[in-house]
Each structure stands twice: as structure tokens, then as C-alpha cells.
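# Observations on chain architecture
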Amino acid sequence: DVKVTQSSRYLVKRTGEKVFLECVQDMDHENMFWYRQDPGLGLRLIYFSYDVKMKEKGDIPEGYSVSREKKERFSLILESASTNQTSMYLCATALGITSTDTQYFGPGTRLTVL
Amino acid sequence: EDQVTQSPEALRLQEGESSSLNCSYTVSGLRGLFWYRQDPGKGPEFLFTLYSAGEEKEKERLKATLTKKESFLHITAPKPEDSATYLCAVKAPGGYQKVTFGIGTKLQVIP
């Protein structure tokens, strides 16, 4: 079974703080993704990574950056948190570069920015 | 632009009352259609992947089917533990693994 873990289930931060969200997978998957999920908007892709140190912007990358120093670990960074970044953040992984590969999700981090 | 529309937005069923959830999509060159289950406050849990029209997959009380324009998730004799939001997603060809998600159908099964 694919195991995807996220560093925190709930997080509360202040406006302007730097925030780190971490995702770890144990299945040797090549691809890792960060999404945010908001009511009425569904899941939207922030960034993804197809290899160590490689990253690509998704649909809504503004205000975020990512880091992938090891294959199993993918971090999402909010350089200066703002209230409009309050959301559920979901990490996902997929096996390889084949376009049919299924994405598997972690438990999510509910971030509140005050 | 790829689009996924799920209906209804919410569905309330009595235990044992079978029904279907719909996922309509527009995408050029479908590479896969995915169904996920999501419980409140948790990440989506993978259920099925369908690749071509006519394909069907089953898991316990759930059965997913696919046509060229839509997919159905049939729930037979549901139980209260089937209550969740069901998400549909489609994958299109592209430089990266572009997946478009629907907003979901929130299912409540009443004992």
C-alpha cells in the first residue's frame, strides 16, 4: 500500500509568517504534488515535482515555493503567509511519468492563517 | 479547457436505497478517469481508475462505469459508512500529469 504522510494535520499561523508543510512517501514514487482544496473550488494544483530537485508550476503557484531534496520528501513553503492561504493542503504521489498513473493522497493539513 | 461536472452536489439516501452519482467531462484525449472517496477533514482515498468507454470496475457496493462523455458511480444497497464526498477526476495528455477534479458529490446515507 502507498503511504503518504504529512507533517501536521492542523496548523495555525500568523500573517507574514514563513510556513513549511512537509510530505513524505514510502513507495519510491517519482512524482509528487501539492494541491489546495477549498469549498466550491475543488482541488487545485500548486506545484509538482517529477524528480529530485525538479519542479514545475501548477495552476496556482503564486505565493508558494517548493523543495525536493530527497525522492521521498516534498515540501511546500509559504514565504509570507496571508489570510487567503487558509485552506486544506493535500500532498499526492504517483508512480512514474506514464500519463495514466493514479495519484495517491496524504491525510491533508488544515492551515489557518490569522 | 478540461472540465469536470459532478451531479448532484448532495444526495441523501436511506440505507439500502441504491442510486448513482454522475461525472460529466470534456477533455481531449482522455488518459484516465478517477474516482476518489473523501471523508470530512481527510485526504481523498483512491477507488477506481477507468481508461476507456465501456469499462466497468467494482468494489464492494460500488461500481464505476465509463462512456465517452460521462462516468457513473453506482451505489448498491448503501450503508451509513458509505457516507462521504465522492470526487471524480480526469487526466488529459500534457507535459505534466494534468488532472482536473470535480467539486464532488456529498453522499449521506441515513440508517
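See the structure printed just above.
In this report, the structure presented in the accompanying data block is examined. (Residues numbered from 1 in each chain as written. Chains lettered and ligands numbered in written order. Predicted model: local features only at pLDDT ≥ 70, side-chain atom pairs only at ≥ 80, totals over all residues. Heavy atoms only, no water.)

Before going further, it helps to spend a moment on the overall build of chain B. In terms of regular secondary structure, chain B is built from zero helices and eleven strands. Along the chain direction, N to C, the helices and strands of chain B fall in the order β-β-β-β-β-β-β-β-β-β-β. Its C-alpha atoms give chain B a radius of gyration of 14 Å, within 12% of the compact-globule value 13 Å for 111 residues. In terms of principal-axis extent, the alpha carbons of chain B reach across some 45 × 30 × 20 Å. In chain B, which comprises 111 residues, the share counted as buried stands at 47%. (Helix = DSSP H or I, 4+ residues; strand = E, 2+ residues; numbered from the N terminus. Rg over C-alpha atoms; globule rule 2.2 N^0.38 Å. Buried < 20%, exposed > 50% of the residue type's maximum accessible area, 1.4 Å probe, protein only.)

Further remarks concern the interface of chain B and chain A. Opposite the 20 residues of chain B that make contact, chain A presents 27 residues. Note on chain B versus chain A: buried area summed over both sides is about 1,800 Å², and carbon and sulfur give 54% of it. Seen at the junction of chain B and chain A, the total is five residue pairs in polar contact (both at pLDDT 80 or more). Elements represented by at least two residues in the side of chain B that touches chain A include exactly β4 (32–38), β5 (45–50), β9 (84–91) and β10 (99–101) of chain B. The greatest single-element share of the side of chain B that touches chain A, amounting to three residues, is contributed by β4(B). Residues belonging to the side of chain B that touches chain A are distributed by class as follows: ten nonpolar, six polar and four charged. (Contact = heavy atoms within 4.5 Å. Buried area = accessible area lost by both parts, 1.4 Å probe. Polar contact = N/O pair within 3.5 Å; in protein donor to acceptor, adjacent residues only side chain to side chain. Nonpolar A, V, L, I, M, F, W, Y, C, P; charged D, E, K, R; others polar.)

All names here are of chain B. On the basis of which strands lie adjacent, the open sheet formed by five strands has the order β1-β3-β8-β7-β6 and antiparallel pairing. Of all the strands in the sheet, just β1 (3–7) and β6 (56–59) have a single pairing partner and so form its edges. Each strand of the sheet is rotated relative to its neighbour by a mean of 15°, with strand direction disregarded. When strand β7 (residues 62–66) meets strand β8 (residues 70–75), the two strands line up antiparallel, connected through five bridges. Bridge assignment links Leu62 to a residue of β8, and that residue is Ile75. (Pairing = 2+ DSSP bridges. Axes fitted to C-alpha atoms, helices over the stretch in contact; angles between N-to-C directions.)

Turning our eyes to something else, we now look at the sheet that holds strand β1 (residues 4–6) of chain A. Residue and element names in this part refer to chain A. Strand order in the open sheet formed by four strands is β1-β3-β8-β7, with antiparallel pairing between adjacent strands. The sheet is open, and its two edges are formed by β1 and β7 (64–70), each paired on a single side. Between one strand and the next, the sheet's axes are offset by a mean angle of 20°, whatever the strand orientation. By the bridge criterion, three bridges tie β1 to strand β3 (residues 19–25) in an arrangement that is antiparallel. What sits directly across from Val4, in β3, is Gln25.

Time to look at the state of the cysteines. Applying the stated criterion to the full structure yields two disulfides over all chains. The disulfide partner of Cys23(A) is Cys91(A), and the gap between their sulfur atoms is 1.9 Å. On the sign convention where negative is left-handed, the bridge of Cys23(A) and Cys91(A), at about -75° about the S-S bond, is left-handed. Here the residue Cys23(A) occupies a position in strand β3, and Cys91(A) occupies one in strand β9 (residues 87–94), the gap between them amounting to 68 residues. Note on cysteine connectivity: Cys23(B) is disulfide-linked to Cys88(B), with sulfurs 1.9 Å apart. (Disulfide = S-S within 2.5 Å.)

Scanning all chains against the criterion turns up eleven salt bridges over all chains. With a shortest N-O distance of 2.8 Å, Arg44(A) and Asp38(A) are connected by a salt bridge. With a shortest N-O distance of 2.8 Å, Asp82(B) and Arg61(B) are connected by a salt bridge. Of the two residues, Asp82(B) sits in the loop between β8 and β9 while Arg61(B) sits in the loop between β6 and β7, which places them 21 residues apart along the sequence. Looking at Arg61(B), the relative accessible area reads 22%, which means it is partly exposed. (Salt bridge = Lys/Arg side-chain N within 4 Å of Asp/Glu carboxyl O.)

Further remarks concern the environment of Ser75(A). Considering the arrangement of structural elements, one finds Ser75(A) in strand β8 (residues 73–78). Residues Ser75(A) and Lys53(A) lie 22 residues apart in sequence; the distance between their C-alpha atoms is 11 Å.

The subject of this paragraph is the packing of aromatic side chains. Tallying each qualifying case throughout the model produces eleven aromatic pairs over all chains. Here Tyr35(A) and Phe101(B) contribute two aromatic rings whose centre-to-centre distance is 5.5 Å and whose plane-to-plane angle is 85°, an arrangement assigned as edge-to-face. Placement of Tyr35(A) in strand β4 (residues 31–38) and of Phe101(B) in strand β10 is noted, with the two residues assigned to different chains. The class of Phe101(B) is buried, set by a relative accessible area of 8%. For the pair Tyr104(A) and Phe46(B), a centre-to-centre distance of 5.6 Å together with 70° between the ring planes defines the contact as edge-to-face. Of the two residues, Tyr104(A) sits in strand β10 (residues 104–105) while Phe46(B) sits in strand β5, which places them in two different chains. With a relative accessible area of 27%, Tyr104(A) lands in the partly exposed category. The rings of Phe33(A), Tyr35(A), Phe48(A), Tyr50(A), Tyr104(A), Phe105(A), Tyr36(B), Phe46(B) and Phe101(B) are connected pair by pair, giving a single aromatic cluster. (Phe/Tyr/Trp six-rings, centres within 6.5 Å; stacked < 30°, edge-to-face > 60°.)

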